[in-house]
Amino acid sequence: MVNAQAGGQWYPPEWPERIRALAGGGLTPVVPRRAATVMLLKDTGDGPAVHMLRRRTSMAFAGGAYAYPGGGVDPRDDDRHVRWAGPTRAWWADRLGVDETGAQAIVCAAVRETYEEAGVLLAGPTPDTVVGDTTGDDWEADRAALVARETSFAEFLDRRGLVLRSDLLGAWTRWITPEFEPRRYDTWFFVAALPEGQRTRNASTEADRTVWITPRAAAEEYDRGELLMMPPTIATLRRLTAYGTAAEVLDAAPARDLTPVLATARLVEGEIVLSWPGHDEFTKHIPTGGAPA
């Protein structure tokens, strides 16, 4: 069960207690796990639309909230050789602020999760191609094996003879789950355009609905309390409203600041103030003994 405040902002009811425990020194932060998520875009008559999924309400993390395809990094993808197109691993390491093996694993996670949860694969038989339709039984068997972690994404690419198209991705922003959360992720958000010939589908067992929606329409529904989202999701949607095409978004990605956004909780005049640097709309004032306002 979650609370929605300030429109459709995802706000778990246990947060105030955990924030007070952290501020009082009674809570040790969990080390965040590296993760990647992808804002998959396609052009429409009203500008670019983004592919979003609604997490099942039974999910322990952000149940009922709308999000993008994404998930944790698989450490098996950090050092195995991967056929690679686009910017080098060294370039990605510098862009993402990690070492080269970490960069490969993060980019692999972005491409793998897009395939696992949306059925879209940013890879092809050559450095300048992408695969076509991936809805056949053999593709589905491979996708299921990836979801079950029976095979790594690097192994999958190698067996299929595919080249990972890192040039189809743009790094957009980076958010770290607040220190008071029991499940924490250090997440890089990427953008990518839906490859020609491919189509999305709800391939995720974690989602009960998927939609293509313009960032502006999604933000308006969030503001009316009709779409539940976590702060990084609505924050990225608001940034996307400035662009008229998917290509414009991708062109803007290299200049985006990837300084991690991490919520802070501090005690001010008898109340705890929860804030996300640079994102004032998410600020919460939590009385030391009551509910947030």
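With phi around 60°, R149 is a residue other than glycine that occupies positive phi space. Secondary-structure assignment places R149 in the loop between α4 (137-147) and α5 (153-160).

The next point concerns the pattern of salt bridges. On inspection of all chains with the given rule, the structure shows 14 salt bridges. R159 is paired through a salt bridge with D142; the nearest N and O atoms lie 2.4 Å apart. With R159 in helix α5 and D142 in helix α4, the pair connects residues that are 17 residues apart, well separated along the chain. Each of R112, E113, E116 and R149 takes part in a single network of salt bridges with overlapping partners.

One finds L96, L121, L169 and F190 to be the most contacted residues of the largest nonpolar core, which totals 38 residues. Elements with a minimum of two residues in this core: β3 (33-44), α2 (89-96), α3 (100-118), α4, α5, β10 (169-176) and β11 (185-193). For this core, the leading source of residues is α3, giving 9 residues. The next biggest cluster of nonpolar side chains, apart from the first, holds 37 residues, and it includes M39, Y66, I213 and L227.

On to the sheet that holds strand β9 (residues 163-165), then. Here 3 strands make up an open sheet; going across it, the order is β7-β9-β8 and the pairing mixed. Each end of this open sheet is capped by a strand with a single partner; those strands are β7 (84-85) and β8 (123-124). Examined bridge by bridge, β8 and β9 share 2 bridges and lie antiparallel to one another. Residue G124 lies in a different strand from β9, and its bridge partner there is V163.

The next subject is the packing of α4 against α5. Contact geometry for α4 and α5: axes closest at 10 Å, N-to-C directions at 155°. Of the possible angle classes, the one that applies to α4 and α5 is roughly antiparallel. The interaxial crossing formed by α4 with α5 has right-handed handedness. Facing α4, whose interface residues are D138, W139, D142 and L146, α5 presents F153, F156, R159 and R160.

Two aromatic rings, taken as a pair, are described by how far apart their centres are and by the angle between their planes. What the rule picks out here adds up to 9 aromatic pairs. Residues W91 and W92 carry aromatic rings whose centres are separated by 4.9 Å and whose planes lie at 90° to one another, so their mutual orientation is edge-to-face. By relative accessible area, W92 is classed as buried at 1%. Taken together, the aromatic side chains of Y115, W139, F153 and F156 make up a single cluster linked through ring pairs. The ring of W139 has R160 lying over it, and the distance from NZ or CZ to the ring centre is 3.7 Å. In this structure, R256 packs its charged tip against the face of W172, placed 4.5 Å from the ring centre.

Okay, the pairing of strand β14 (residues 264-268) next. Alignment of β14 against strand β15 (residues 271-276), held across 5 bridges, turns out to be antiparallel. Bridging from a neighbouring strand, T264 pairs with S275 of β15. Hairpin connection from β14 to β15: 2 residues lie between these consecutive antiparallel strands, with E269 at a positive phi of about 50°.

Reading across the sheet, the 3 strands line up as β14-β15-β16 and stay open at both edges, with antiparallel pairing between neighbours. Both edges of this open sheet fall to β14 and β16 (279-287), since each of them pairs with a single strand only. Adjacent strand axes in the sheet meet at a mean angle of 25°, parallel and antiparallel pairs treated alike. Seen against the sheet, helix α7 (residues 231-240) touches β15 and β16 and runs at an angle of roughly 155° to β16.

Here is what the cut-offs are and how they apply
- Residues numbered from 1 in each chain as written.
- Predicted model: local features only at pLDDT ≥ 70, side-chain atom pairs only at ≥ 80, totals over all residues.
- Heavy atoms only, no water.
- Helix = DSSP H or I, 4+ residues; strand = E, 2+ residues; numbered from the N terminus.
- Salt bridge = Lys/Arg side-chain N within 4 Å of Asp/Glu carboxyl O.
- Core = buried A, V, L, I, M, F, W, Y, C linked by side-chain atoms within 4.5 Å.
- Buried < 20%, exposed > 50% of the residue type's maximum accessible area, 1.4 Å probe, protein only.
- Pairing = 2+ DSSP bridges.
- Axes fitted to C-alpha atoms, helices over the stretch in contact; angles between N-to-C directions.
- Parallel < 35°, antiparallel > 145°, perpendicular 65-115°, else oblique.
- Left-handed = near helix turned anticlockwise from the far one by under 90°.
- Contact = heavy atoms within 4.5 Å.
- Phe/Tyr/Trp six-rings, centres within 6.5 Å; stacked < 30°, edge-to-face > 60°.
- Lys NZ or Arg CZ within 6 Å of the ring centre and 35° of its normal.

Purely spatial values, then, with no claim about function.
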